Amino acid sequence: QKEVEQDPGPLSVPEGAIVSLNCTYSNSAFQYFMWYRQYSRKGPELLMYTYSSGNKEDGRFTAQVDKSSKYISLFIRDSQPSDSATYLCAMKTSYDKVIFGPGTSLSVIP
Amino acid sequence: EADIYQTPRYLVIGTGKKITLECSQTMGHDKMYWYQQDPGMELHLIHYSYGVNSTEKGDLSSESTVSRIRTEHFPLTLESARPSHTSQYLCASTAGDTIYFGEGSWLTVV
């Protein structure tokens, strides 16, 4: 079993839809949780970062962490064609071990 | 946000050639990383450094080598390139608990 699981998609939604992207993990030592967006042939770009259970909002993006269920989510409201990309979750322990999910490919159709 | 610069962005090179992928960051980060990512696939850590004169191999075995003579510079070298080395190479550095990536170097070995 991989330490971080993420549905690779592809996920296709109409413009304006609410998108839900999810990751599960097995290592309870993970304390820091990140979401990255990666456009084709580009490096991953940090979107959200959190270290506590609950929700964190930034514009159209909301990151949700449920440590008891070992489950994190990224919600995108009012999705735009420019949101079409691969979304990677990443998790880090206190001793610097970072694991990335395989990424979910998202297409937002105009 | 970290400024991480990678050169070259794209490189096509013949088998057996020696190549060096350059990575520089301007934020004074101590921790730097090299990841390898095939198209549509997961990120794999191949090298990391926690400071000057510190280098370690990552989770994925790689024939490449790295050096860290200056804080801001973390080059990756392949002594004899092979077609199996064709991939995207991503350099990253850490500020606190988050990882910031460069734009990537796309290497094609023919």
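Caption draft 1: Geometry of the sheet that holds strand S1 (residues 4-6) of chain A. Residues and elements named next belong to chain A. Here 5 strands make up an open sheet; going across it, the order is S1-S3-S8-S7-S6 and the pairing antiparallel. The sheet is open, and its two edges are formed by S1 and strand S6 (54-58), each paired on a single side. Across the sheet, the mean angle separating the axes of adjacent strands is 20° when strand polarity is ignored. In terms of strand pairing, S6 meets strand S7 (residues 61-66) through 5 bridges, oriented antiparallel. Of the residues in S7, the one forming a bridge with Asp 58 is Phe 61.

Caption draft 2: View of the sheet that holds strand S3 (residues 19-25) of chain B. All names here are of chain B. Read from one edge to the other, the open sheet built from 4 strands follows the order S1-S3-S8-S7, with strand pairing classed as antiparallel. Sheet topology places strand S1 (4-7) and strand S7 (65-66) at the edges, where each strand pairs with a single neighbour. Judged from the 3 bridges that link them, S3 and strand S8 (residues 76-78) form a sheet pairing that is antiparallel. Considered in S8, the bridge of Thr 20 is made with Thr 77.

Caption draft 3: Expanded view of the packing of aromatic side chains. What the rule picks out here adds up to 12 aromatic pairs over all chains. Summarising the aromatic geometry, the rings of Tyr25(A) and Phe30(A) are spaced 5.9 Å apart at their centres and angled 75° between planes, so their arrangement reads as edge-to-face. The burial state of Tyr25(A) is the same as that of Phe30(A); both residues are buried. Centroid distance Tyr36(A) to Phe101(B): 5.6 Å. Interplanar angle 85°. Geometry classified as edge-to-face. Placement of the pair is Tyr36(A) in strand S4 (residues 30-38) and Phe101(B) in strand S10 (residues 98-101), with the two residues belonging to separate chains.

Definitions and cut-offs
- Residues numbered from 1 in each chain as written.
- Chains lettered and ligands numbered in written order.
- Predicted model: local features only at pLDDT ≥ 70, side-chain atom pairs only at ≥ 80, totals over all residues.
- Heavy atoms only, no water.
- Pairing = 2+ DSSP bridges.
- Helix = DSSP H or I, 4+ residues; strand = E, 2+ residues; numbered from the N terminus.
- Axes fitted to C-alpha atoms, helices over the stretch in contact; angles between N-to-C directions.
- Phe/Tyr/Trp six-rings, centres within 6.5 Å; stacked < 30°, edge-to-face > 60°.
- Buried < 20%, exposed > 50% of the residue type's maximum accessible area, 1.4 Å probe, protein only.

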